[in-house]
Amino acid sequence: MPGKGDAPVLPGARAVARYVRISPMKARRVVNLVRGLPAKEALTVLQFAPQAASEQVYKVLASAIANAENNERLDPDALLVSEAYVDEGPTMKRFQPRAQGRAYRIRKRTCHITVAVEAVAPAAPRKAAKKTAPAKKAAPAETQSNTEGAE
């Protein structure tokens, strides 16, 4: 199955959580934190994020990593969060009774969280650069002695 523009498709996996009882705007704040990060680092960020939606996004990301590891036989250490987005789900409408017989509508929003990971080539260890002697700078001691004699 060719991808967009017949570009080579990197191996990866994805996971979707549907009908999550969190507002899409609140979930997008959390998803924006981890998009583009290495998968292990993204899990750490989500683990310590204070937002309530981070728990749900953590579960989806962990599921995507497990899918890549078990279904695609990919190394979990070489995974990158390539896609992460939140779509709006159905809204449950409820009514809150108010004074004088009025009723206020309450919208309980849901969302669908999608996270896709892809394998990246493991970074080759950098070779140690040859140590070269640092270039000698102009002797600052001479300039100091010149200023001392002028005083």
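Residues numbered from 1 in each chain as written. Predicted model: local features only at pLDDT ≥ 70, side-chain atom pairs only at ≥ 80, totals over all residues. Heavy atoms only, no water.

As annotated in an unreviewed UniProt entry, the protein is Large ribosomal subunit protein uL22 from Micromonospora globbae. The heading Subunit (unreviewed entry) in the UniProt record of the protein holds the text "Part of the 50S ribosomal subunit." Under the Sequence similarities (unreviewed entry) heading, UniProt states for the protein: "Belongs to the universal ribosomal protein uL22 family." (UniProt positions renumbered as here; feature names shortened; annotations may be inferred.)

Colleague: Sorry, what's going on with the overall build of the protein here?
Modeller: Within the protein, the regular secondary structure consists of four helices and five strands. Each helix and strand of the protein, placed in order from N terminus to C terminus, yields the pattern β-α-α-α-β-β-β-β-α. The 151 residues of the protein split such that 27% are buried. Of the contacts formed within the protein by residues at least 6 apart in sequence, a portion of 69% connects residues at least 24 apart. Accessible surface, the protein as shown: approximately 11400 Å² in total, 52% of it carbon and sulfur. (Helix = DSSP H or I, 4+ residues; strand = E, 2+ residues; numbered from the N terminus. Buried < 20%, exposed > 50% of the residue type's maximum accessible area, 1.4 Å probe, protein only. Contact = heavy atoms within 4.5 Å. Areas by Shrake-Rupley, 256 points an atom, 1.4 Å probe, with all protein chains shown as cover.)

Colleague: Would you take a moment to explain the nonpolar core for this structure?
Modeller: Soluble globular proteins tend to bury their nonpolar side chains together. Residues Leu61, Leu79, Val81, Ile113, Val115 and Val117 are the most contacted members of the largest nonpolar core, which totals 31 residues. When contributions to this core are tallied by element, the ones reaching two or more residues are β1 (12–20), α1 (24–34), α2 (39–48), α3 (53–70), β2 (79–88) and β5 (111–119). Broken down by element, the residue count for this core peaks at seven residues, all from α3. Non-local contacts of Leu79, meaning those with residues more than four positions away in its chain, are made with Pro38, Ala39, Ile65, Ala68, Leu74, Val117, Glu118 and Ala119. (Core = buried A, V, L, I, M, F, W, Y, C linked by side-chain atoms within 4.5 Å.)

Colleague: Just checking my understanding: could you explain the environment of Ala42 for this structure?
Modeller: Take Ala42: it is sitting in helix α2. What makes Ala42 buried here is its relative accessible area of 0%. Separated by eleven residues in the primary sequence, Ala42 and Val31 place their C-alpha atoms 9.8 Å from one another. Ignoring sequence-local partners within four residues, the contact set of Ala42 consists of Val34, Leu37, Leu61 and Val81.

Colleague: Before we go on, may I ask you to explain the sheet that holds β5 in this structure?
Modeller: Strands pair in a sheet through their backbones, by hydrogen bonds, and they do so in one of two ways: parallel or antiparallel. Judged by pairing direction, the sheet is antiparallel, and its three strands sit side by side in the order β1-β5-β2 without closing on themselves. With partners counted over all chains shown, the strands left at the sheet margins are β1 and β2, one partner each. Sheet twist, expressed as the average angle between the axes of neighbouring strands with direction ignored, equals 15°. Relative to β5, β2 is paired through nine bridges, and the arrangement is antiparallel. When the bridges of β5 are listed, Val86 appears paired with Ile113. Against the sheet, α3 engages β1, β2 and β5, with an angle of about 145° to β1. (Pairing = 2+ DSSP bridges. Axes fitted to C-alpha atoms, helices over the stretch in contact; angles between N-to-C directions.)

Colleague: Mind showing me how you'd approach the pattern of salt bridges here?
Modeller: Pairing of side chains with opposite charge becomes possible as their charged atoms draw close. By the definition in use, this model includes one salt bridge. One salt bridge in this structure joins Glu88 and Arg109, with 3.8 Å as the shortest N-O distance. Of the two residues, Glu88 sits in strand β2 while Arg109 sits in the loop between β4 (103–108) and β5, which places them 21 residues apart along the sequence. (Salt bridge = Lys/Arg side-chain N within 4 Å of Asp/Glu carboxyl O.)

Colleague: Quick question: what am I supposed to make of the packing of α1 against α2 here?
Modeller: How two helices sit against one another is set out by the angle between their axes and by the gap between those axes. Where α1 contacts α2, the two axes come as close as 9 Å, and the packing angle between them is 140°. Handedness of the α1/α2 crossing: right-handed. Contact residues: Val30, Leu33 and Val34 in α1; Ala42, Val45 and Leu46 in α2. (Left-handed = near helix turned anticlockwise from the far one by under 90°.)

Colleague: Honestly, the side chain of Thr110 in this entry has me stumped. Any pointers?
Modeller: Tracing the backbone shows Thr110 in the loop between β4 and β5. Among the residues examined, Thr110 registers a relative accessible area of 5% and is labelled buried. There is a polar contact of 2.5 Å between the side chain of Thr110 and the backbone oxygen of Pro90. (Polar contact = N/O pair within 3.5 Å; in protein donor to acceptor, adjacent residues only side chain to side chain.)

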